[in-house]
Amino acid sequence: MMAAQLNFAQEWKPVGSHILTPWGEKVTAQKPHPEYPRPQLVRTNNWQNLNGLWKYAITPVNTKEIPQQWDGSILVPYAIESALSGVGKDVGKDKALWYTNTVTLDKSVNKNNVLLHFGAVDWQCDVYVNNQLVGRHEGGFDPFTMDVTSYLKKGAKQEIALRVWDPTDDGPQPRGKQVNRPNGIWYTPVTGIWQTVWLESVPKSYIVKTKQTPRLDEGVLAFQATVAGSQAGMKSKFAH
């Protein structure tokens with residue numbers, strides 16, 4: 001799938017004097033991380049990668065409205081402090097980081113129920129679709145999903161925006177070894193989107209996740225599926 005593109009042209013390049021890995025040297029704004037992001041439950045023909053150039057703005061933390069003016073472009077899915085983001089700026093507890101992108105939905109996605117997936121956003125994240133607040137997620141290390149079907153407007157073009165707040169070591173949240181003043185064994189803060197963003201079309205009933213439990217004494221593998229929109233009489237069918 002092609003990465004999402006902004007409706008304005010702006011050059012991107014890594015910032016700072018950081019030494020890039022061989023993989024980092026191959027990153028481009030057109031295909032920053034195009035791989036399918038989920039190793040299980042692969043649905044090959046109904047997903048769309050939204051990685052690529054987005055607009056960003058850093059505002060005072062009390063800013064609750066989507067900005068009208070933007071500071072420039074940022075390459076998703078790389079944290080704003082990183083070289084590969086093309087920005088290389090700190091945010092901190094007194095600021096909010098905003099993202100926006102105008103997405104053109106693929107025909108394979110613009111049908112049925114539409115899910116908006118985030119591999120990870122550090123830390124507190126409010127998600128807007130077409131200027132409507134969809135929901136909030138808190139947790140910098142875990143993936144999350146929002147059903148945005150009812151927020152989509154007619155046509156292919158949709159507006160997605162995020163407000164992110166990450167106080168790093170000035171807040172109560174789990175942060176690993178991230179600190180605002182990294183030194184020694186302590187790491188640079190990671191703020192904002194740092195894993196793949198993607199859309200997925202699913203039917204009204206679909207498998208959300210599975211759990212496999214081996215029962216060695218019986219020689220069987222117990223399988224449990226979590227199903228959204230399950231209906232009476234539904235059965236699972238598996239090939240082996």
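Residues numbered from 1 in each chain as written. Predicted model: local features only at pLDDT ≥ 70, side-chain atom pairs only at ≥ 80, totals over all residues. Heavy atoms only, no water.

### Some words on the nonpolar core
Here is a general trend for soluble globular proteins: nonpolar side chains tend to be buried in one another's company.
Part 1 of the reasoning: W54, Y99, L116 and L162 are the most contacted members of the largest nonpolar core, which has 30 residues in total.
Part 2 of the reasoning: Put simply, the parts of the chain that give this core at least two residues each are β2 (52-60), β3 (72-76), β4 (95-104), β5 (113-118), β7 (124-129), β9 (144-147), β10 (157-165) and β12 (197-202).
Part 3 of the reasoning: Setting aside residues no more than four positions away along its own chain, L162 makes contact with W54, L97, W98, Y99, F118, V121, C125, D126, V127 and I193.
Part 4 of the reasoning: The next biggest cluster of nonpolar side chains, apart from the first, holds 7 residues, and it includes W12, A29, L75 and L84. (Core = buried A, V, L, I, M, F, W, Y, C linked by side-chain atoms within 4.5 Å. Buried < 20%, exposed > 50% of the residue type's maximum accessible area, 1.4 Å probe, protein only. Helix = DSSP H or I, 4+ residues; strand = E, 2+ residues; numbered from the N terminus. Contact = heavy atoms within 4.5 Å.)

### Observations concerning the pairing of strand β13 (residues 206-215)
For a regular strand, side-chain orientation follows a simple rule: the groups alternate between the two sheet faces.
Part 1 of the reasoning: In the sheet, β13 pairs with strand β14 (residues 220-228) via 9 bridges, with the strands oriented antiparallel. Looking at the pairing, Q212 lines up with F223 of β14.
Part 2 of the reasoning: Linking β13 back to β14 in an antiparallel pair, the connection comprises 4 residues, with G219 at a positive phi of about 70°. (Pairing = 2+ DSSP bridges.)

### Observations concerning the confidence of the model for the protein chain
Part 1 of the reasoning: Looking at the protein chain as a whole, the pLDDT averages 90, with 94% of positions reaching at least 70.
Part 2 of the reasoning: Confidence over residues 1-9 falls short of pLDDT 50; this stretch has 34 contacts with residues more than four positions distant or in other chains. (pLDDT = per-residue confidence, 0-100.)

### Examining the side chain of D126
Part 1 of the reasoning: Tracing the backbone shows D126 in strand β7.
Part 2 of the reasoning: Within the structure, D126 has its side chain in polar contact with the side chain of R136 (distance 2.6 Å). (Polar contact = N/O pair within 3.5 Å; in protein donor to acceptor, adjacent residues only side chain to side chain.)

### Here's the deal with empty space enclosed by the protein
Part 1 of the reasoning: This model, assessed by the stated rule, comprises 1 cavity of 30 Å³ or more.
Part 2 of the reasoning: Its boundaries defined by the atoms lining it, the largest cavity holds a volume of some 40 Å³.
Part 3 of the reasoning: L105, L116, V129, V148, L152, Q158, I160 and L199 are the residues that line the largest cavity.
Part 4 of the reasoning: Among the residues making up the lining of the largest cavity, the classes are represented as 7 nonpolar, 1 polar and no charged. (1 Å grid on protein atoms, 1.4 Å probe; cavity = no way out; pocket = protein on both sides within 12 Å on 5 of 7 lines; lining within 4 Å. Points joined across faces, edges and corners; volume = space filled by probe spheres on them. Nonpolar A, V, L, I, M, F, W, Y, C, P; charged D, E, K, R; others polar.)

### Let's talk about the environment of S205
Part 1 of the reasoning: Here S205 is to be found in the loop between β12 and β13.
Part 2 of the reasoning: Sequence separation between S205 and T104 is 101 residues; the distance between their C-alpha atoms is 25 Å.
Part 3 of the reasoning: What S205 contacts, discounting residues up to four positions off in sequence, is A228, G229, S230, Q231 and M234.
Part 4 of the reasoning: Among the polar contacts made by the side chain of S205, one reaches the main-chain carbonyl oxygen of G229 at a distance of 2.3 Å.

### Quick notes on the packing of aromatic side chains
Part 1 of the reasoning: Taken as a whole and assessed by the stated rule, the structure comprises 7 aromatic pairs.
Part 2 of the reasoning: Taken together, a centroid distance of 6.2 Å and an interplanar angle of 85° make the contact between W47 and W198 edge-to-face. Of this pair, W47 sits in strand β1 (residues 47-49) while W198 is found in strand β12, placing the two residues 151 residues apart along the sequence. Accessibility assignment for this pair places W47 and W198 in one class, buried.
Part 3 of the reasoning: Three or more aromatic residues joined by ring pairs make a cluster, and in this case those are Y36, W47 and W198. (Phe/Tyr/Trp six-rings, centres within 6.5 Å; stacked < 30°, edge-to-face > 60°.)

### Comments concerning unusual backbone geometry
Part 1 of the reasoning: Note the cis peptide between V76 and P77, where omega equals 20°.
Part 2 of the reasoning: Look at the link from D122 to W123: it is a cis peptide, with omega at 10°.
Part 3 of the reasoning: Its place among the elements puts W123 in the loop between β6 (121-122) and β7.
Part 4 of the reasoning: Non-glycine residue N131 carries a positive phi angle of around 70°.
Part 5 of the reasoning: Counting through the fold element by element, N131 comes out in the loop between β7 and β8 (132-138).
Part 6 of the reasoning: Take N131: its relative accessible area is 64%, and that puts it in the exposed class.

### Re the side chain of Q124
Part 1 of the reasoning: Within the secondary structure layout, Q124 lies in strand β7.
Part 2 of the reasoning: A polar atom in the side chain of Q124 sits 2.8 Å from the side chain of E138.
Part 3 of the reasoning: Discounting residues that sit within four places of it in the chain, Q124 has contacts with R136, H137, E138, R163, V164 and W165.

### Details of the sheet that holds β8
Part 1 of the reasoning: Strand order in the open sheet formed by 6 strands is β3-β2-β4-β10-β7-β8, and the pairing between neighbours is antiparallel. Where the open sheet ends on each side, the last strands, each with one partner, are β3 and β8. Across this sheet, the average inter-strand angle for adjacent strands is 30°, counted without regard to direction. (Axes fitted to C-alpha atoms, helices over the stretch in contact; angles between N-to-C directions.)

### Examining the sheet that holds β5
Part 1 of the reasoning: Here we have 4 strands laid out as an open sheet, ordered β1-β12-β5-β9, and antiparallel in their pairing. The open sheet is flanked by β1 and β9, the only strands paired with a single partner. Neighbouring strand axes in the sheet, compared pairwise and without regard to direction, differ in orientation by 20° on average.
Part 2 of the reasoning: As judged from the 4 bridges shared by β5 and β9, these two strands associate in the antiparallel manner. Across the sheet, L115 pairs through a bridge with D147, a residue of β9.

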